[in-house]
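Chain by chain, the residues run as shown.
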Amino acid sequence: MWQRLQAAARQALSRAYCPYSNYPVGAAAMTDEGRMVSGANVENAAYGVTLCAECSLVSELHRTGGGTLRAVVCVDRDGQVITPCGRCRQLLHEHRGPDLEVLTRQGARTMEEMLPLAFGSEDLDPEGS
């Protein structure tokens, strides 16, 4: 599965829009339903609104039917595995399945290892107070 995901992430990498950093990133994931989704980073001249590859991957997840993520991998311009940044770890946490793993250079890691003590929907007050 990891080889298929890395190949899909490398393919997504070719669609990155990164004229400012020249640092394309591709991401691919397997959903709990067995569907593969992918994404690439999309930069913006107003740097703060740049979208990481994981952002476009989550958009693709919902655009193609929703579900939750089971396995995720990100690659850099050389096709080498990279670790998602903290912001993206939070994003992946929000859309994770119960056993989400993220491939890192040190091997597959659980979401709990990637983002211990994560903030999630269970931390929000349903009453809004």
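Below or above, wherever it landed, is the structure these notes cover. Values in this document were obtained by computation on a predicted structure and should not be read as measured data.

Over the atoms a probe the size of a water molecule is rolled, and this reveals where empty space is left. The computed volume of the largest pocket comes to approximately 180 Å³. Along the walls of the largest pocket sit 13 residues, with Tyr23, Val25, Cys52, Ala53 and Glu54 positioned nearest its centre.

A separate point is helix α2 (residues 53-63). Taken together, the buried positions of α2 are occupied by Ala53, Glu54, Cys55, Ser56, Leu57, Val58 and Leu61. Those residues of α2 that are buried lie in contact with β1 (26-31), β2 (36-40), β3 (69-75) and α3 (86-94). Glycine 65, located one to two residues past α2, shows a positive phi value of around 125 degrees.

Let's shift gears to the side chain of asparagine 41. Along the chain, the position of asparagine 41 falls in the loop between β2 and α2. In terms of polar contacts, asparagine 41 uses its side chain to reach the backbone amide nitrogen of valine 25, at 2.7 Å. Those residues in contact with asparagine 41 that lie beyond four places of it in its chain are Ala16, Tyr17, Cys18, Tyr23, Pro24, Val25, Leu51, Cys52 and Ala53.

Here the focus is the environment of glycine 26. One can find glycine 26 in strand β1. Spatially, the C-alpha atoms of glycine 26 and arginine 77 are 8.2 Å apart, while their sequence positions differ by 51 residues. Setting aside anything within four residues of it in sequence, one finds glycine 26 in contact with Ala9, Ala12, Leu13, Gly39, Ala40, Ala53, Val73, Cys74 and Val75.

The next subject is the packing of α2 against α3. Any two packed helices are characterised by how steeply their axes cross, that is the angle between the axes, and by the distance between the axes. Contact pair α2 / α3: the axes reach a minimum separation of 9 Å and the direction vectors enclose 15 degrees. Our classification of the angle between α2 and α3 gives roughly parallel. Between α2 and α3 lies a crossing of left-handed hand. Across the interface between the two elements, Glu54, Cys55 and Val58 from α2 touch Arg87, Cys88, Leu91 and Leu92 from α3. The class makeup of the residues in the contact of α2 with α3 is 5 nonpolar, no polar and 2 charged.

Another point: the pattern of salt bridges. Enumeration according to the criterion identifies 3 salt bridges in this entry. Among the ionic pairs, glutamate 33 bridges to arginine 35, the shortest N-O distance being 3.9 Å. A relative accessible area of 52% means that glutamate 33 is categorised as exposed. The salt bridge involving arginine 105 is made with aspartate 76; its shortest N-O contact spans 3.8 Å. Note that arginine 105 is positioned in the loop between β5 (96-104) and β6 (107-110) and aspartate 76 in the loop between β3 and β4 (81-82), a separation of 29 residues in sequence. Given the relative accessible area of 58%, arginine 105 is considered exposed.

Analysis parameters
- Residues numbered from 1 in each chain as written.
- Predicted model: local features only at pLDDT ≥ 70, side-chain atom pairs only at ≥ 80, totals over all residues.
- Heavy atoms only, no water.
- 1 Å grid on protein atoms, 1.4 Å probe; cavity = no way out; pocket = protein on both sides within 12 Å on 5 of 7 lines; lining within 4 Å.
- Points joined across faces, edges and corners; volume = space filled by probe spheres on them.
- Buried < 20%, exposed > 50% of the residue type's maximum accessible area, 1.4 Å probe, protein only.
- Helix = DSSP H or I, 4+ residues; strand = E, 2+ residues; numbered from the N terminus.
- Contact = heavy atoms within 4.5 Å.
- Polar contact = N/O pair within 3.5 Å; in protein donor to acceptor, adjacent residues only side chain to side chain.
- Axes fitted to C-alpha atoms, helices over the stretch in contact; angles between N-to-C directions.
- Parallel < 35°, antiparallel > 145°, perpendicular 65-115°, else oblique.
- Left-handed = near helix turned anticlockwise from the far one by under 90°.
- Nonpolar A, V, L, I, M, F, W, Y, C, P; charged D, E, K, R; others polar.
- Salt bridge = Lys/Arg side-chain N within 4 Å of Asp/Glu carboxyl O.

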